[in-house]
Amino acid sequence: MTNYPQANADIFLPHMPDVARCELSLRELNQMWRLIESSAKMNCPAEARLLLPAMVATRTGFAHLEQALVSNLVHEKVRHVLADLGTQARYAIDILVRNLFERTADVGFLATDADLCRFVAGLDDDRDAARQRLSDYRDKYTVYDEILLLDLEGRVLVQADPATPVTYSRDPLLQQTLDANGYVETFRATDLRPGKSRALVYSHRMLHPDTGEPAGVLCLCFNFEQEMGAIFAAYRDPSHRANMLLLDAQDHVISSADPLWIPAGVRVPTNADGQPQLLMFGGREYLVRTFSSAGYQGYPGPAGWKAQLMIPVDLAFRANGGQSLADVEPALMQGLLSHAQAFSPSLHELMSSVTRTTRTIERIVWNGKVTSAANDQVSGDGSHSGGINKLNTVLDQITETGERSDALFSHSIQDLYQTVLASSISEAELTSQLLVDMLDRNLYERANDCRWWALSAQLRRGLAQPSDQQTRAIAEVLAYINSLYTVYARLFVYDRGGRIIASTGGDDIVGQYISGDTLGRVAALRSELDHYPEAFGPSAFYGGDATYIYHAAIRHPEQSATVVGGIGIVFDSRPELLNMLHSGVAGRANMRAYFVTPQGQVLSSTDAACAPGDVLKLGAGLLEQANAAAAGNGASVSRIMQHDGQYVIAACTRATGYREFRAVDGVEQPVLAVLLQAFGPVRNELPAQAAVRIERLRDTGPDFAIFYAGRTLMALRATQIQEAVPFAKVQRTTSAGHPARLGMLDVPLSGGRKHFVWVFDLALLATGKPGAITDNSQVMLAHCGQSIIGLLVDDLHSVQQFDSADMTDSPFSGGETGLAPRLIKANQGNVLIQEIDIERLFARLRG
């Protein structure tokens, strides 16, 4: 069994009161086993001599299980906390880097704006028009809090925000930008943003429209603090027990979700490998998880930046109102538990060890009762001898303590199981939230792009004064934009009649018309702040596949109320949506992710069997519940359920928007993200044999060894049984012979000799139907005269006394050849036990 290192368990155990209580209870049970062992040695040493070695082995086994259980409880709780922290950290840095990637494209395109380039080059001196142009841009791309244009000497020509006037800059980033062919990313204090301790600036040189020489610099100032506040709010632990941080390459804090707790500028310990260790900071021990970005579309993000979650160990394991599994149907829980080997090998191994030990105890007691019956010296009044009575008392104590041990282990394993599943549920919920957040942030950019590009002077003049030269200019502008914004399959411009005059991605659609409905909606847009998104669906402009197409009206350059055409931007939904889903799944086995409509129609999926346009059929109203949650607090919903023949954890979140995106109902198509984590196929086996409790009524009469065979209670005289052993000891054979013969078993004899006996399927012999071989299967060694055979049974039950008053002839005996001519009436006749006639059994095998 794989255990958590004991040293680590000892470090964390003081912070886990529930595990500590469990450990104390286990130690008390260990003392009980020692007391029973001592009692047997003192009170009935002769009778118990055959049981003592097994009792010692059982006690030792429970001691090992105690250590394994405590270690695994500690391990799973630590793993659960680190997994939660890691998920939050990974998603936070991923979201931030994807956002900043868009900024690199923005600055590259705006730096080529014809009107702004003319202004910077001195060919146009209308400062108010330039400022309005920048303000229009900032109104659409609200992630920027300032935009500035500077000349070659660092003089500020115009800025979007007059509230923080800047006239001149000596920042070295200006010369660095003039020397660069692309964008420059700068994060530090700068005189471009007076009054701020630091700013994230994306700068790009601007070229003279006539000479092509550098004429100035464009600076886009990202509203960094606001964006980090939004990320912290979305992905930080809601209970605020953990702090979320953004770190630089030297592990200094750039931003903190709680700066009063951990301020910016301090250096903190990191844990990029996710090791289960405690790290010290500010005199307090923390569990820490750190994630760097894998980059996006070739953009790596600012050098060395990473997200980190830190939680004090004294708070890490407190209950935080997570989902309880108490309301999960027992059949679902049992089905999931049957696949523990796949999703938690250590849990499965622990469960199996506990089951084996429990079975061993039951077999010890059963064999002890059989042995005492065989060796019993019955007095004249039919009572047991003193030694046998004492042995039976010890056996009863073993039974009672075994049941207590099994109950405690089962309860603890259930807690452990709940921890494992709660971690999976929490991760699935957070992942579905990330996916809709990622989608909304992406589509927010698409809505901004089409509205801004519709204001391009080249596009407006080209449609207002159409000519071949203007059409070629429009095509060049579209090609340049598409080279910067690679998330688009194509961009196209159409005139007032809906005829496409220019397109990227090939000229195959040039000359075609957009639909009349789309044209009418675009022409009806009231202002340059409005856009029209086509519902996700198949489009000829995307090769017949389904996608999003965003439209904005292009207005006359001098008569803004007059619409002269429009621009359509075709989102490359196939790879882009799939990229988002795969980013959320992050290679986790057996997890599938989907974007769906409220009706379950699939937009994209990591499930190869579920194509766009298919309907994802989820039972139990999961989508409806997620839609209702979106109308409330926007929380994710999750549950354990059966889906497509699998036991799954399902989590679902509906997109609620980002900034002003989705702020107005009825504009954007509702979308939900669904996560399904499969744990294994639904089990269709027969339910486990229900335990039947037999009331003890008599202390006289012969002892009967009771067992299950063919899912039926049966019995043999205890004096006809030597002992029971696990079926695992049987050596299977395939040789011809009796159809009920299964294999051989070696039985030790006196003097160290071995004797091989045949093992037969008792259920097949008694009922005609073969017995099922499971982990509970046992082999009883039965004898008739000098002959011994092994009999496969489903499980052992107990050893009880019955007399002739409890017997009756069986109506199902099958005549003189039937193996069970009599029935034992237990529990006032409410339980019937078939008594196997050992002589008929041997006679049938000989025949």
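Starting afresh in each chain, residues are numbered from 1 along the sequence in its written order. Note on the predicted model: pLDDT of at least 70 is required for a residue's local features to be given, and 80 or more for side-chain atom pairs to be given and counted; whole-chain, interface and lining totals, by contrast, use all residues. As a rule here, side-chain values come from all non-hydrogen atoms in the structure, and water together with hydrogens is ignored.

Notes on a negative patch on the surface
Where like charges cluster on the molecular surface, the negative patch consists of Asp115, Asp124, Asp125 and Asp126. Under the scheme used here, helices are H or I runs from DSSP no shorter than 4 residues and strands are E runs no shorter than 2 residues, and both carry numbers assigned from the N terminus. Along the chain, Asp124 turns up in the loop between α5 (114-120) and α6 (127-140). Throughout this description, buried means an accessible area under 20% of the type-specific maximum (1.4 Å probe, protein chains only), exposed means over 50%, and partly exposed covers the range between. A residue is classified by how much of its surface remains accessible, and Asp124, at 31% relative accessible area, is partly exposed. The patches described consist of residues with a relative accessible area above 30% and no salt bridge, like charges being joined within 9 Å and nonpolar side chains (Val, Leu, Ile, Met, Phe, Trp, Tyr) within 5 Å. Only the protein chains shown count as cover for residues, and all accessible areas are computed by the Shrake-Rupley method using a 1.4 Å probe. Any Lys or Arg side-chain nitrogen found within 4 Å of a carboxyl oxygen on Asp or Glu counts as a salt bridge. For the purpose of counting charges, residues Lys and Arg are taken to be positive, whereas Asp and Glu are taken to be negative. His and the chain ends are not included. Positions of charges follow a simple convention, taking NZ of Lys, CZ of Arg, CG of Asp or CD of Glu.

Description of unusual backbone geometry
Here the phi dihedral of His240 falls at roughly 60 degrees; this positive angle occurs in a residue that is not glycine. Of note, His240 is situated in the loop between α8 (224-235) and β6 (243-247). Positive phi is not limited to glycine here, since Asp251 has a value of about 70 degrees. Judged by its relative accessible area of 15%, Asp251 falls in the buried class.

Let's talk about the sheet that holds strand β18 (residues 591-596)
When DSSP finds at least two bridges between two strands, those strands are taken to pair. Pairing within the open sheet is antiparallel, and its five strands lie in the order β19-β18-β22-β21-β20. Edge positions in the sheet fall to β19 (602-605) and β20 (637-643), since each has one partner strand and no second. Taken over all neighbouring pairs, the strand axes of this sheet differ in orientation by 25 degrees on average, direction set aside. Bridge count for strand β21 (residues 646-654) against strand β22 (residues 672-681) is nine bridges, and the pairing is antiparallel. In the sheet register, Thr653 faces β22, and the bridge partner there is Ala673. Most of the contacts of helix α10 (residues 330-337) go to β20, to which it runs at about 75 degrees, and overall it touches β20, β21 and β22. Should any heavy atoms of two residues lie within 4.5 Å, those residues are counted as being in contact. For helices, the fitted axis covers only the stretch in contact; all axes are lines through C-alpha atoms, and the angles between them, taken along N-to-C directions, range from 0 to 180 degrees. Sheet strands in contact with helix α17 (residues 573-585) are β18 and β19, and its direction is about 140 degrees off that of β18.

Side note on the packing of aromatic side chains
Pairs were defined over the aromatic rings of Phe, Tyr and Trp, the Trp ring being its six-membered one, requiring ring centres within 6.5 Å. Orientation was assigned from the angle between planes: stacked under 30 degrees, edge-to-face over 60, tilted for the rest. The tally for this structure, following the rule as stated, stands at 19 aromatic pairs. With 5.1 Å between their ring centres and 90 degrees between their planes, Phe101 and Tyr296 make a pair best called edge-to-face. Remark: Tyr296 occurs in the loop between β9 (284-292) and β10 (306-312) and Phe101 occurs in helix α4 (residues 52-110); sequence separation between them is 195 residues. Note on accessibility: Phe101 and Tyr296 belong to one class, buried. Grouped by ring-pair contacts, the aromatic residues Phe109, Trp453, Tyr485 and Tyr488 constitute a single cluster. Any Lys NZ or Arg CZ that is within 6 Å of a ring centre and within 35 degrees of that ring's normal is treated as a charge sitting over the ring. Seen from the ring of Trp758, Arg741 lies directly overhead, with NZ or CZ sitting 4.0 Å from the centre.

Some remarks on the packing of α4 against helix α15 (residues 468-484)
Their axes nearest at 9 Å, the elements α4 and α15 cross at an angle of 155 degrees. Considering their axes alone, α4 and α15 lie roughly antiparallel with respect to each other. Crossing handedness for the pair α4 and α15: right-handed. Within the contact between the two elements, α4 uses Ala105, Gly108 and Phe109 and α15 uses Tyr480, Ile481 and Leu484. Its residues placed into classes, the contact of α4 with α15 shows five nonpolar, one polar and no charged. Each angle gets one of four labels, with under 35 degrees taken as roughly parallel, over 145 as roughly antiparallel, 65 to 115 as roughly perpendicular, and the rest as oblique. Left-handed describes a crossing in which the near helix is turned anticlockwise from the far one by less than a right angle; the clockwise case is right-handed. For this classification, the nonpolar set comprises Ala, Val, Leu, Ile, Met, Phe, Trp, Tyr, Cys and Pro, the charged set comprises Asp, Glu, Lys and Arg, and every other residue, Gly included, is treated as polar.

Details of the sheet that holds strand β28 (residues 754-761)
Taking strand neighbours across the sheet as the criterion, the six strands line up as β25-β29-β30-β28-β27-β26 in an open arrangement whose pairing is mixed. Strands at the two margins of the open sheet, each flanked by one partner only, are β25 (721-726) and β26 (731-732). Alignment of strand β27 (residues 741-748) against β28, held across seven bridges, turns out to be antiparallel. Counterpart to Met744 in the pairing with β28 is Trp758. Sheet strands in contact with helix α20 (residues 838-846) are β28, β29 (778-784) and β30 (787-793), and its direction is about 95 degrees off that of β29.

Considerations on the confidence of the model for the protein
Per-residue confidence for the protein gives a mean pLDDT of 87, with 93% of residues at or over 70. In this model, residues 377-382 is a region of pLDDT below 50 whose contacts with residues beyond four sequence positions or in other chains number six contacts. Each residue carries a pLDDT value, the predictor's own confidence for that position, ranging from 0 to 100.

Some thoughts on the pattern of salt bridges
Under the definition given, this model contains 33 salt bridges. In the salt-bridge network here, residues are joined through shared partners; they are Asp145, Glu146, Arg193 and Lys196.

Concerning the pairing of strand β31 (residues 795-801)
Within β31, six of the seven residues are buried, leaving the element largely enclosed by the surrounding structure. Note: strand β23 (residues 703-709) against β31, six bridges, orientation antiparallel. Pairing of Phe707 across the sheet is with Leu796, part of β31.

A look at the packing of helix α2 (residues 17-43) against α4
Viewed as axis vectors pointing N to C, α2 and α4 meet at an angle of 175 degrees, and their least axial separation amounts to 10 Å. Relative to α4, α2 is oriented roughly antiparallel. The residue makeup of the contact of α2 with α4, split by class, is 15 nonpolar, one polar and nine charged.

As for the side chain of Asp161
With respect to the helices and strands, Asp161 occurs in the loop between β2 (156-159) and α7 (173-179). Of the side chains bearing the opposite charge, Arg138 lies closest to the buried Asp161, which forms no salt bridge; the N-O distance is 4.4 Å. As used in this structure description, the phrase polar contact means that two N or O atoms lie within 3.5 Å; if the pair is within protein, one of them must be able to donate a hydrogen and the other to accept it, and residues adjacent in sequence are counted only when both atoms belong to side chains. From its side chain, Asp161 meets the backbone nitrogen of Ala163 in a polar contact 3.1 Å long. Apart from residues lying up to four places away in sequence, Asp161 is in contact with Arg138, Asp145 and Glu146.

Overview of the pairing of strand β24 (residues 712-717)
In terms of strand pairing, β23 meets β24 through six bridges, oriented antiparallel. By the bridge assignment for β24, Phe707 is matched with Met714. Once β23 ends, the chain turns through two residues before running back antiparallel as β24, passing Gly710 with a positive phi of about 60 degrees. Bridge count for β24 against strand β34 (residues 831-835) is two bridges, and the pairing is parallel. Within β34, the position partnered with Ala715 by the bridge is Glu835.

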